Amino acid sequence: MLDERLRVIGETRARRPGAIAVTDDMERVADAFTLPAVLLGGDLGDRPDEVFGRWQRALALPNIHGLVVGRTLLYPPDDDVAAAVDTTVSLL
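Residues numbered from 1 in each chain as written. Predicted model: local features only at pLDDT ≥ 70, side-chain atom pairs only at ≥ 80, totals over all residues. Heavy atoms only, no water.

So, on to the sheet that holds strand 3 (residues 64–68). Ordered by their spatial adjacency, 3 strands build an open sheet running 1-2-3, and the pairing between neighbours is parallel. At either margin of the open sheet sits one strand with a lone partner, and together these are strand 1 (18–21) and strand 3. Adjacent strand axes in the sheet meet at a mean angle of 35 degrees, parallel and antiparallel pairs treated alike. With 4 bridges joining them, strand 1 and strand 2 (residues 37–40) adopt parallel strand pairing. Residue pairing in the sheet places Gly 18 in a bridge with Ala 37 of strand 2. Sheet strands in contact with helix 3 (residues 48–59) are strand 2 and strand 3, and its direction is about 150 degrees off that of strand 3. (Pairing = 2+ DSSP bridges. Helix = DSSP H or I, 4+ residues; strand = E, 2+ residues; numbered from the N terminus. Axes fitted to C-alpha atoms, helices over the stretch in contact; angles between N-to-C directions. Contact = heavy atoms within 4.5 Å.)

Here we come to a negative patch on the surface. A cluster of like negative charges, contributed by Asp 78, Asp 79, Asp 80 and Asp 86, occupies part of the molecular surface. Turning to its location among the elements, Asp 78 is positioned in the loop between helix 4 (71–74) and helix 5 (81–91). (Patch = residues over 30% accessible without salt bridge, like charges linked within 9 Å, V, L, I, M, F, W, Y side chains within 5 Å. Areas by Shrake-Rupley, 256 points an atom, 1.4 Å probe, with all protein chains shown as cover. Salt bridge = Lys/Arg side-chain N within 4 Å of Asp/Glu carboxyl O. Lys, Arg positive; Asp, Glu negative; His and termini not counted. Charge placed at Lys NZ, Arg CZ, Asp CG, Glu CD.)

The subject of this paragraph is helix 5. Buried residues of helix 5: Ala 84, Thr 88 and Leu 91, and no others. Axial view of helix 5: buried residues confined to an arc of 50 degrees, hence all on one face. In this structure, helix 5 carries Asp 86, Val 89 and Ser 90 as exposed residues pointing more than 90 degrees from its buried face. Looking at the buried residues of helix 5, the elements they touch are helix 3, strand 3 and helix 4. (Buried < 20%, exposed > 50% of the residue type's maximum accessible area, 1.4 Å probe, protein only. Arc of directions from axis to C-beta.)

A word on the pattern of salt bridges. Applying the stated criterion across every chain, the model contains 4 salt bridges. Salt-bridge contacts for Arg 54 lead to Asp 24; the nearest nitrogen and oxygen are separated by 3.8 Å. Of this pair, Arg 54 sits in helix 3 while Asp 24 sits in the loop between strand 1 and helix 2 (26–32), placing them 30 residues apart in sequence. Owing to a relative accessible area of 21%, Arg 54 belongs among the partly exposed residues under this scheme. The partner of Arg 54 in a salt bridge is Glu 50, and the shortest N-O contact between them spans 3.6 Å. Of the two residues, Arg 54 and Glu 50 both sit in helix 3, 4 residues apart, roughly one turn of that helix. When salt bridges with common partners are traced through the structure, they connect Asp 24, Arg 47, Glu 50 and Arg 54 into a single cluster.

Turning our eyes to something else, we now look at the side chain of Thr 88. Here Thr 88 is to be found in helix 5. Ignoring anything within four residues of it in the chain, the contact list for Thr 88 reads Phe 52, Trp 55, Leu 67 and Leu 73.

Any functional reading would require information beyond the geometric quantities listed.
Below, the structure written as structure tokens:
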């Protein structure tokens, strides 16, 4: 029964990127993550430049293929949605 569940999970995850949170040690995380991956945006907090820098470094890794962001861009700390979107697009 467990083998069947694991097989189904593996089949449903195949050909779909995984989503991983951005950490300070993304090289190590990306090396351990064998699937193509997208980054989860997280909270920009009061230091958006630092977060954008982490995203940029992570996006340079070979198995990282994009970003999944939502409220990070909809509610930036300075309320400048256009600037947050422009910065994010420039990283890609």
